[in-house]
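# Structural overview
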Amino acid sequence: MWRPMGSRGCAMDVLGSASCVVACLLGGLLLALSLLSPPLSGVRLPGIRRRRKKPVRVYMDGCFDMMHYGHCNALRQAQALGDQLVVGVVSDHEITANKGPPVIPLHERMLMVGAVKWVDEVIPDAPYAITEEFMNKLFTEYNIDYIIHGDDPCLLPDGTDAYALAKKAGRYKQIKRTEGVSSTDIVGRMLLCVRERSLGGSHNHASLQRQFSHGHSQKVNDVGFGTGTRISHFLPTSRRIVQFSNGKGPGPNARIVYIDGAFDLFHAGHVEVLRLARELGDFLLVGIHTDQTISATQGAHRPIMNLHERSLSVLACRYADEVIIGAPWEVSKDMITTFNISLVVHGTVAEYMDFSKEESNPYAVPMAMGIYKQLNSPLDITTSTIIKRIVSNHEAYQKRNEKKEASEKRYYETKTYVSGD
């Protein structure tokens with residue numbers, strides 16, 4: 001029996017149509033949101049390609065002669081302004097023409113810079129002044145985004161700014177200079193050592209070493225060794241040590257290698273023996289001897305750099321995982337157990353090599369345990385080697401220092417606060 005459709009049937013048709021419209025609207029909204037929002041990790045939507053972010057490459061150059069923790073801190077700050085740090089090392093010829101003869105030859109300076117853990121790439125024979133041609137080469141061939149330098153002025157012999165072109169191009173960034181040390185200071189300390197030895201005044205030896213360690217100045221005008229030599233005005237802070245530290249300890253099954261020493265005037269010889277030591281294990285622990293220990297074993301004129309300065313230089317090296325600041329002279333059984341040391345090493349080239357002849361051999365315990373190894377040092381360089389370079393060309397370095405001391409004095413007299421690390 002046929003019956004006409006009632007009001008209920010009409011209502012069902014209306015509801016069905018409304019549901020269809022709502023479903024279409026929701027589908028369209030979800031599609032729009034998926035197109036506007038970034039895709040989820042690991043999910044790639046059809047027709048959408050994710051752009052890879054271009055790394056920011058920054059460039060910093062320098063002579064890096066008598067490289068110290070101030071240079072390393074500058075490189076650390078520069079690297080923080082980008083993703084990749086490219087470093088130009090000025091040639092020997094350019095340094096001689098603009099500042100006087102370098103103490104450290106180019107190949108050693110290249111090793112030093114390349115070993116700094118914040119450096120990604122090194123360019124040899126960089127010009128002292130950035131010419132327009134070299135700047136364009138940096139931008140095009142090396143894909144450099146910014147050129148970095150410290151807040152201290154870098155002037156050419158004619159008085160012009162060495163970074164004027166980079167500033168004009170709007171591709172220049174500035175970092176804060178690390179206070180308390182410069183190559184001029186370090187050369188000045190060595191010249192003071194030469195002065196003390198030439199005078200033969202043994203009563204002055206201890207006081208000189210204390211000046212190196214505790215930051216007192218000494219006027220040396222009376223013997224012609226300059227009037228502005230500044231002795232270790234470094235103010236160590238816990239924050240600086242943290243900035244230089246890796247912040248990671250050894251793994252549970254890591255093979256820990258231990259090497260100790262003065263590491264005074266940290267040089268290419270140190271870098272290369274640390275590299276060899278690091279290759280023998282998973283974690284390299286470096287012991288830095290105290291100022292008093294070094295004076296007792298190497299003489300009252302040592303060390304040139306104090307304990308904290310030497311520790312930062314080693315910490316900046318990519319091969320060192322951790323340092324013991326003020327390590328004991330003797331490597332004891334307790335120390336080996338405490339740090340879980342698997343191997344103790346020492347280079348064949350060092351300032352002090354007579355320990356095996358002494359009754360109190362500092363490596364007697366690891367030798368008896370069969371965990372001592374002597375490494376063939378790749379370079380025949382010691383701290384004394386560096387000092388002899390200064391002494392052999394003493395007059396040239398003295399003139400260079402006097403010129404630099406004048407500019408250093410102007411910098412400190414006009415110095416204002418600069419924010420940064």
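Residues numbered from 1 in each chain as written. Predicted model: local features only at pLDDT ≥ 70, side-chain atom pairs only at ≥ 80, totals over all residues. Heavy atoms only, no water.

### Focus: the overall build of the chain
The helix and strand inventory of the chain stands at 16 helices and ten strands. Per-residue burial for the chain yields a buried fraction of 46% across its 421 residues. Within the chain, contacts between residues separated by at least 24 positions form 77% of all contacts whose residues are at least 6 apart in sequence. Here the chain displays about 21,900 Å² of accessible surface, and carbon together with sulfur accounts for 55% of that area. (Helix = DSSP H or I, 4+ residues; strand = E, 2+ residues; numbered from the N terminus. Buried < 20%, exposed > 50% of the residue type's maximum accessible area, 1.4 Å probe, protein only. Contact = heavy atoms within 4.5 Å. Areas by Shrake-Rupley, 256 points an atom, 1.4 Å probe, with all protein chains shown as cover.)

### Observations concerning the pattern of salt bridges
Under the defined criterion, the tally for this structure stands at ten salt bridges. Note that D145 is salt-bridged to K54, the shortest N-O span being 3.2 Å. Remark: K54 occurs in the loop between α1 (7-36) and β1 (57-62) and D145 occurs in the loop between α5 (132-140) and β4 (146-150); sequence separation between them is 91 residues. Among the salt bridges present, the one from R275 reaches E279, with a minimum N-O distance of 3.2 Å. The exposure class of E279 is exposed, given its relative accessible area of 55%. Here the salt bridges share partners, and the residues they tie into one network are E272, R275 and E279. (Salt bridge = Lys/Arg side-chain N within 4 Å of Asp/Glu carboxyl O.)

### Let's talk about the sheet that holds strand β10 (residues 372-375)
Overall, parallel pairing links the five strands, which are arranged β8-β7-β6-β9-β10 in an open sheet. The open sheet terminates on both sides in strands that have one partner only, identified here as β8 (322-327) and β10. The sheet shows a mean angle of 30° between the axes of neighbouring strands, direction not considered. The pairing of strand β7 (residues 283-289) with β8 spans five bridges and is classified as parallel. (Pairing = 2+ DSSP bridges. Axes fitted to C-alpha atoms, helices over the stretch in contact; angles between N-to-C directions.)

### Brief notes about the side chain of Q243
With respect to the helices and strands, the residue Q243 is situated in helix α9 (residues 238-244). Here the side chain of Q243 touches R240 through a polar contact of 2.5 Å, side chain to side chain. (Polar contact = N/O pair within 3.5 Å; in protein donor to acceptor, adjacent residues only side chain to side chain.)

### Structural notes on unusual backbone geometry
Residues R302 and P303 are joined by a peptide bond in cis, for which omega reads 0°. Within the fold, P303 resides in the loop between α11 (291-298) and α12 (307-315). The phi dihedral of D125 is positive, around 55°, even though this residue is not glycine. Residue position: D125 is located in strand β3 (residues 121-126). Of note in this structure, F263 is not a glycine but carries a positive phi near 50°. Relative to the helices and strands, F263 resides in the loop between β6 (256-261) and α10 (268-278).

### Quick look at helix α15 (residues 383-392)
Every α-helix winds through 3.6 residues per turn, so residues three or four apart in the chain are directed the same way. Looking only at α15, the buried set comprises T383, S384, I386, I387 and I390. Each buried residue of α15 lies within a common arc of 160° when the element is viewed along its axis, so the set occupies one face. Those residues of α15 that are exposed and angled more than 90 degrees off the buried face are K388 and S392. (Arc of directions from axis to C-beta.)

### Side note on the sheet that holds β3
Sheet architecture is open: five strands sit in the order β3-β2-β1-β4-β5, paired in parallel fashion. Both edges of this open sheet fall to β3 and β5 (172-175), since each of them pairs with a single strand only. Ignoring strand direction, the axes of neighbouring strands in this sheet form an average angle of 30°. Both β1 and β4 contribute to a ladder of three bridges, which runs parallel.

### A short note on the confidence of the model for the chain
Confidence in the prediction of the chain, expressed as mean pLDDT, is 80, and 70% of residues score 70 or more. This stretch, residues 39-45, has a pLDDT under 50; its non-local contacts, to residues over four places away or in other chains, come to one contact. When the criterion is pLDDT under 50, residues 201-230 qualifies, and its contacts beyond four places in sequence or with other chains add up to 75 contacts. (pLDDT = per-residue confidence, 0-100.)

### Describing the packing of helix α4 (residues 106-114) against α10
How two helices sit against one another is set out by the angle between their axes and by the gap between those axes. With their axes 9 Å apart at the nearest point, α4 and α10 run at an angle of 50° to one another. One element, α4, and the other, α10, form an angle in the oblique class. The way α4 lies across α10 gives a crossing that is left-handed. Side by side, α4 and α10 meet where E108, L111 and M112 of the first sit next to A268, V271 and E272 of the second. Here the contact of α4 with α10 is composed, by residue class, of four nonpolar, no polar and two charged. (Parallel < 35°, antiparallel > 145°, perpendicular 65-115°, else oblique. Left-handed = near helix turned anticlockwise from the far one by under 90°. Nonpolar A, V, L, I, M, F, W, Y, C, P; charged D, E, K, R; others polar.)

### Observations regarding α5
Restricting attention to buried positions, one finds in α5 the residues F134, M135, L138 and F139. All buried residues of α5 fall inside an arc of 140° around its axis, so they share one side. Summarising the geometry of α5, the exposed residues directed more than 90 degrees from the buried face are E132, E133 and T140. In this structure, the buried residues of α5 make contact with β1, β3, β4 and α6 (164-168).

### A closer look at the nonpolar core
In this structure, M66, L75, L265, L274, V286 and V314 are the most contacted members of the largest nonpolar core, which totals 60 residues. Not counting chain neighbours up to four residues away, the residues in contact with L265 comprise M66, I186, M190, H270, I304, M305, T383, I386 and I387. Among the nonpolar cores identified, the runner-up in size contains 22 residues, and I95, I123, A162 and A166 belong to it. (Core = buried A, V, L, I, M, F, W, Y, C linked by side-chain atoms within 4.5 Å.)

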